[in-house]
Every structure is written in structure tokens, then in C-alpha cells.
Amino acid sequence: MTGAWNRKRSSGIFSAAPSRYFHFFIMSGRSRPRMAKSPDSRPKEMKQACPVQCPELKEENQKKLPKRTKTQEIQKPKLAEEKPSVEETAEGKGAKHLMRGCDEERRMPTEGIITKTCSNRSKSVRKPPGDYLDAQLEIKTTITLPETPKKFSQASLEAPEPQASGQAESQTNSVKVAAKMQGEQLEKAGPRRASAKKIKAAAEKSNDEECADKDAQKMLKAKADSADDSVLRATLDKLKIKKKDQSETSKVVNDFIENLRKYLKAETICFKEVEEPLRTGSYYENLKISDPDEFDIMLPMPVKRVDVKPFGTDGAFYTVALKREKNPLLKFQQNEVLSASKMLKEFREEVKKFAKRFPEWKMELKKPGCPAVTLTREVASATISLDVVLCLKVKYRWPSFTEDGFKIEKWLGRKVKREYKWEPYYLVPKYEGSGNVESNGVKAKDAWRVSFSHIEKDIIKKHGSEKTCCEKEGASCCRKSCLKLLKHLLHLLKESNPSFDKFCSYHAKTTFLHACCSRTKDGEWEASRLGHCFNLLLQDFESHLRRGELQNFFIPGQNLLSSPRKKVCSDLADSIKEERENGFPIFDKY
């Protein structure tokens, strides 16, 4: 009988599955499910197949439980007489059918029992009795209960529900525990929200203070720039050259150079192919300050077929070898090397002969490593200096060391750079250090230094990113004004401190060209922002000095600050910074 009953029970579980699905969906669609009149009215197979949450398993589960004692039966009516809580009337009624199933689940054997849910979608493992509270909370959080009616009368809240069972007490306790935990969470979240608001308010306050500080700094900086503007503009007015002096000196220099060129072409053999002079330097770049007292003239000698090789590693110095051709300069070539020192010596002798025809001009002594022949004379109670430099004009491709330099693409454009690259370059008889130092059998005094002074002059003349910059049709910038002031400041600092004699105006010009490539737009050099732009240029120069590195604008491998000691560079940077922060008091002294 027992085996047959078990087979009948197992077959009833599977045959009752469709009815169970239908009963579950009907119950889940209402706020309060309709219960069957009696467990006996349902088929016995359905009773056995229902999961824990179905009331029909109550009788079957009770058979498995041990029999109640009389004491337990006496205590049951007492539980029914207790009043349910407000939470039970509001929420418990809506979830009574769920909580009853959980209560019966508590009475069932708890260890090692696996059952199917009414939906037959997932399996659950029964938890030990100690985890009952966690199960209640999990049901509370995962099941959405019907909303509590908005209005309740006091009588309905206080009226006890008749015939309440012992399940009501457990349901009430579980709801109370869940509500208590929710309240604790809200209490914990309250201080967090308050602290978050305080932190947000403090952050906003600090941001406001930072913005106020930045605005104050900007105002102070604007005032400082405006104060600097007045000092700088007054200094620029002092540095202007009088047109009368300019015309007189330029006439004297031009006459001398023109006669010298005629003399070289007519009365010399080696230099008869000299071409038109190249007028370079600050005077011809409109950057001369104070007095028109310095002039630089280059006299180029064209060479058609030459072999140019690097001398050293920085890419600034080269050796030159003339190939077989009828060139008068072959006189100065020995061991396949055109000697710069011998050629410069011959040129000085020819200039000296010519200068005797002009007794007002006096020839200065030769300076070591200097490629120029320097002459001086008095013009309108002022002494002017003329540097005449003999150079080689090379119409070949620029040296490979210039490939990573001359970065004017973002400033003047790629087209302009390409046009400059087609221009010839020049080699001047200049060396650094000791002239007797040899490299590959060639002495340093016989090497030539590459020069792009003609390109520098044209760049400064066409300095704007817009073609109309500083023209009548366009806006004015302060590029040239900044360079003039930097050269003037460096000149005054050199006069006040003899240790700065290693620095020259070419350091200032190179710093300026790098600054133009980093701040390329004309709007960044507005004439109305002279103080701001000049301060930025000084900061650039200070940065180069402190690092002890200033790359040649055309040849990045050459460091123009390799000769001065680092201590001297640092001292000059400190002096510039002091002048910059104190409003340039040195400009008022001179």
C-alpha cells in the first residue's frame, strides 16, 4: 500500500502542474487572493504538489510535524486574542498570503530540503532556522506589496481583527523588524546627506574664494602690466634714432662700402668676383637702439663647385674644398681644404690698403675668432663702427643639420619656409675656442661657420602671421619693440656687470625667434599688451639661461650658451628677474 501510494503521489505532482500555474497567476493579479473554502475540497494530488507558498500544503506538512502537546493547544487561543499592529493592518493584509507561506515554511523541516516554487521557474535551498530573519527581509525587499490606502479612520486602525491566528504575530514581528531596519538605514543616510551638503557647500565656498583670488591676481597683474607699459613706452621713445643722424651715418657708410667693392673688383685678383654687399645687422633690421653707431656689411664671394663637410659635431662649422675649376680662391686651398684664416688675412691686407685713401677711417686690431674687419670714424661728434665680413656664397642645398631647425611653419607658413630653403646660405671665416685645435687634420681657424643672417633679416621684416601686420591696412604688434627692449636691457646689464661680457645681442635675437615660433598669432603680440608680451619674452630668456641651453634657431645641435659658465648664466637670469619684478628701475638710470 505504501509503494502504491507513493507512485500515485508522484504522478499527481506532475499532473497538477498546469492547474498550479493558473492558480499562481490568478493569485498574483489581485491585491488580496481568494482562498479555497477548505483544503479537503481540492484533489489530494494538488495538495501534495503545491510548493511552500501554497496553503494547500498546510495539512500535508502538519502530518510530518510532531503532534502538539496540550500546552501548545491551550496557548493557541491566547495568541488569537492579541491585537494586530498598525503595520499588519496596512501592509500585512496585502501580503498575508505570502507571509503565511513563509510561516509554514518555518514549521517545515529546514535542512537539506529542495522544493519547486509555484511558478516552477527556479529552485531554492531551504535555509536553517537561524536565517529566518534574513529570509523575511529578502522577501520584503524583492516583493512589491500593494500600496497602503491613503486614508484610514482611527476606528479601523484600533479595531482588532477577529479570529487572528498565531501567524499574525509572526507576520507582525517580521514587518516590524523590516520597518525598524529601514528606519535605521534612513537615520544613517540622514547624517550622510547632511554631511554631503556641508561638503558641497564648503567646496562651492572654496571655489568662490579661489575665483576671487584669481580675479584679484589678474587685476594686480593687469595693473603691473599697465605700469610696465608706461615705463617701457617711455624707454622706447628714448631709444628712437633721429632721422637726421640716421641719414648722415648711412650715407657715409654706403659711400665707403661702394668704393671698397669697386677697389676689390678692379685692383685685386683673388676678390674680383665679389658681389653686391649684404646689409645685415640691427641697423638694417630696424632694431638699432639709441644711436646709429654700428653697421654690419657682408661681401659675398660666389663658389659654384665646392665640397662642404661638417667640422665638429654641432653642425655650425664646416670645411670647404674647391673642386677643379678656374677659381681665384684656389690660392688659399691646401690639402683639399680652403683655409679660412689665410683668406681672411689676405682680405684684411686689401682693406688696409684701401682705407689709406680715406684717412678719416681707422682700422681696428684683429680680434681672435672674429670674421670681421672693423673700421671706425667720427660722424657728427659720434663714433660709428663698421664691420666688413668676407663670406662664401653657396648655392647648394642647406646642410642636413638644419632639417630639425627653422620651425616657422605655424608662424609664417610652409610655403614661406619652402621659399627660404631655396635661398643660398653663407659661410664666414669664424671659429670658436682655440684656433689650433684640429679635427680630421684641419685646424679650427681654417673652418667656416654657416650664416643665415640674410634669412633672419627677412623674417624680422615679415614678422606677422598676417601679411598686413604693422602696415597701414592692418593692426600693429609689439614684436620688434620687445626685441629692442631686450637688447637694451642686456646692454645695460653688461655695462653694470662686466662678468656678462660673454653675452651678445645674438642671444637676444635667437630667444626672440624661438618665442615667435611658440606664440605665432598676431593677437598674442598686440601693441596694447607691450608689458605683458615683454614679460613673457624675459621669462623665456630666463628659462634658457637657467637651463644653460639656447639652441641655434637654424641648427638645433648648436648650443649658444655653451661658452658662458652656468654660474654666470644663473646670475644674469637673477638680474633680469629682479628688473622684471621691480618695474625695470635700470631703464630710469640710463
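First, a word on what this report is: a plain description of the structure on this page.

## A look at the packing of aromatic side chains
Aromatic ring pairs are described here by two measures, namely the spacing of the ring centres and the angle between the planes. For the coordinates displayed, the defined rule picks out 24 aromatic pairs. Ring centres 6.2 Å apart and planes at 20 degrees place the aromatic pair Phe271 and Phe332 in the stacked group. Pair noted here: Phe271 is in the loop between helix H11 (243-267) and strand E3 (278-280) and Phe332 is in the loop between strand E6 (317-322) and strand E7 (333-334), with a separation of 61 residues, a long-range link. Residue classification places Phe271 among the buried residues on the basis of a relative accessible area of 1%.

## Quick word on empty space enclosed by the protein
Enumeration over the complete set of coordinates arrives at 2 cavities of 30 Å³ or more. Taken as a whole, the second largest cavity spans an internal volume of roughly 50 Å³. Lining the second largest cavity are Arg348, Glu364, Leu365, Lys366, Lys367, Cys370, Ala372, Val373 and Thr374. Looking at the lining of the second largest cavity element by element, the count peaks at 3 residues for strand E10 (residues 372-379). Of the residues in the lining of the second largest cavity, the class split is 4 nonpolar, 1 polar and 4 charged.

## A look at the packing of helix H17 (residues 530-547) against helix H18 (residues 566-581)
Close contact between H17 and H18 brings their axes to 8 Å; oriented N to C, the two are set at 160 degrees. Judged by the angle between their axes, H17 and H18 are roughly antiparallel. Classified by chirality, the crossing of H18 by H17 is left-handed. For the pair formed by H17 and H18, the contact residues are Asn535, Leu538, Gln539, Phe541, Glu542, Leu545 and Arg546 on the first element and Cys569, Ser570, Leu572, Ala573, Asp574, Ile576, Lys577 and Arg580 on the second. Across the contact of H17 with H18, the residue classes tally to 7 nonpolar, 3 polar and 5 charged.

## Side note on helix H16 (residues 505-518)
The terminal C-alpha atoms of H16, which comprises 14 residues, lie 20 Å apart, in line with the 20 Å expected from a rise of 1.5 Å per residue. Most of H16 is tucked away, with 10 of its 14 residues classed as buried. Those residues of H16 not exposed but buried are His507, Ala508, Lys509, Thr510, Thr511, Phe512, Leu513, Ala515, Cys516 and Cys517. In this fold, the buried residues of H16 make contact with helix H14 (453-461), helix H15 (479-496) and H17.

## A closer look at the pattern of salt bridges
Proximity of charged atoms lets side chains of opposite charge pair with each other. Under the counting rule described, the total for this entry stands at 18 salt bridges. Asp255 is the salt-bridge partner of Lys251, the closest N and O atoms lying 3.5 Å from each other. Of the two residues, Lys251 and Asp255 both sit in helix H11, 4 residues apart, roughly one turn of that helix. Judged by relative accessible area, Lys251 falls into the exposed class, the value being 54%. Overall, Asp255 belongs to the partly exposed group, its relative accessible area being 39%. Between Lys288 and Asp293 there is a salt bridge, and its shortest N-O distance comes to 2.9 Å. Take Asp293: its relative accessible area is 24%, and that puts it in the partly exposed class. A cluster of three or more residues bridged by salt bridges with shared partners is formed by Glu285, Glu456 and Lys509.

## Notes on the pairing of E6
Burial within E6 is extensive, with 6 of its 6 residues counted as buried. Covered by surrounding structure in E6 are Phe317, Thr319 and Ala321 together with Tyr318, Val320 and Leu322, the residues of both alternating faces. As paired strands, strand E5 (residues 306-310) and E6 are joined by 5 bridges and run antiparallel to one another. By the bridge assignment for E6, Val306 is matched with Leu322.

## A few points about the environment of Asp314
When you line up the elements, Asp314 lands in the loop between E5 and E6. Taking the C-alpha atoms as reference points, Asp314 and Asn559, separated by 245 residues in sequence, lie 8.0 Å from one another. Beyond its immediate stretch of four places on either side in the chain, Asp314 contacts Phe401, Ile555, Gly557 and Gln558. Within polar-contact distance, the side chain of Asp314 engages the backbone nitrogen of Ala316 at 3.2 Å.

## Here we look at the packing of H16 against H17
In contact at an axis separation of 10 Å, H16 and H17 are set at 115 degrees when each is read in the N-to-C sense. Considered as vectors, H16 and H17 are oriented roughly perpendicular to each other. In this structure, H16 meets H17 at a crossing whose hand is right-handed. Across from His507, Thr511, Phe512 and Ala515 in H16, the residues of H17 making contact are Leu537, Asp540, Phe541 and His544. Looking at the contact of H16 with H17 residue by residue, the class counts come to 4 nonpolar, 3 polar and 1 charged.

## As for unusual backbone geometry
Phi is positive for Phe406, close to 55 degrees, though the residue is something other than glycine. Relative to the elements of secondary structure, Phe406 occurs in the loop between strand E11 (382-394) and helix H13 (414-421). Here Cys470, not a glycine, exhibits a phi torsion of approximately 65 degrees, which is positive. Under the relative-accessibility criterion, Cys470 is labelled partly exposed at 37%.

## Quick notes on the pairing of strand E4 (residues 294-303)
Among the 10 residues of E4, 7 are classified as buried, and the element is accordingly described as predominantly covered. Note: E3 against E4, 3 bridges, orientation antiparallel. Across the sheet, Leu278 pairs through a bridge with Met298, a residue of E4.

## Brief notes about helix H12 (residues 340-355)
The end-to-end C-alpha separation of H12 is 22 Å, in line with the 22 Å expected for 16 residues at 1.5 Å each. Buried within H12 we find Ala340, Met343, Leu344, Phe347, Arg348, Glu350, Val351, Phe354 and Ala355. Projection of H12 onto a plane perpendicular to its axis shows the buried side chains occupying an angular sector of 165 degrees, all on one side.

Reading the values: the criteria
- In every chain, residue numbers begin from 1 and rise along the written sequence.
- Residue-level local features of this predicted model are given only where pLDDT is at least 70; pairs of side-chain atoms are given and counted only at 80 or more, and the full residue set underlies all totals for whole chains, interfaces and linings.
- Working from all heavy atoms in the structure, the side-chain values ignore hydrogens and water.
- For Phe, Tyr and Trp, rings pair up if their centres lie within 6.5 Å, where Trp contributes its six-membered ring, and each pair is then called stacked (planes under 30 degrees apart), edge-to-face (over 60) or tilted (otherwise).
- Think of it this way: any DSSP run of H or I at least four residues long counts as a helix, any run of E at least two long counts as a strand, and we number them from the N terminus.
- Summary of the burial criterion: residues with accessible area below 20% of their type's maximum are buried, those above 50% are exposed, and those between are partly exposed, where the area comes from a 1.4 Å probe applied to protein chains only.
- Put simply, the grid is 1 Å and covers the protein atoms alone, a cavity is a trapped set of points that fit a 1.4 Å probe, a pocket is an open set with protein on both sides within 12 Å along at least five of seven lines, and lining residues have an atom within 4 Å of a point.
- Grid points are joined across faces, edges and corners, and a volume is the space filled by probe spheres set on the points.
- For this scheme, ten residues count as nonpolar: Ala, Val, Leu, Ile, Met, Phe, Trp, Tyr, Cys and Pro. Four count as charged, namely Asp, Glu, Lys and Arg, and the remainder, Gly too, count as polar.
- Each axis is a line fitted through C-alpha atoms, taken for helices only over the stretch in contact, and angles between the N-to-C directions span 0 to 180 degrees.
- Comment on the angle field: the value is read as roughly parallel under 35 degrees, roughly antiparallel over 145, roughly perpendicular from 65 to 115, and oblique elsewhere.
- The handedness criterion is simple: a crossing whose near helix is rotated anticlockwise from the far helix by less than a right angle is left-handed, and one whose near helix is rotated clockwise is right-handed.
- Any two residues having at least one pair of non-hydrogen atoms within 4.5 Å are treated as being in contact.
- By this rule the span expected of a helix is its residue count minus one, scaled by 1.5 Å.
- Basic side-chain nitrogens of Lys or Arg form a salt bridge, by our definition, when they fall within 4 Å of a carboxyl oxygen of Asp or Glu.
- Paired strands, in this sense, are two strands between which DSSP finds at least two bridges.
- Polar contact is the term for a pair of N or O atoms within 3.5 Å; when the atoms are in protein, one must be able to donate a hydrogen and the other to accept it, and sequence-neighboring residues count only if both atoms are side-chain atoms.
- As used here, the arc is the angular range of directions from the helix axis to the C-beta atoms.

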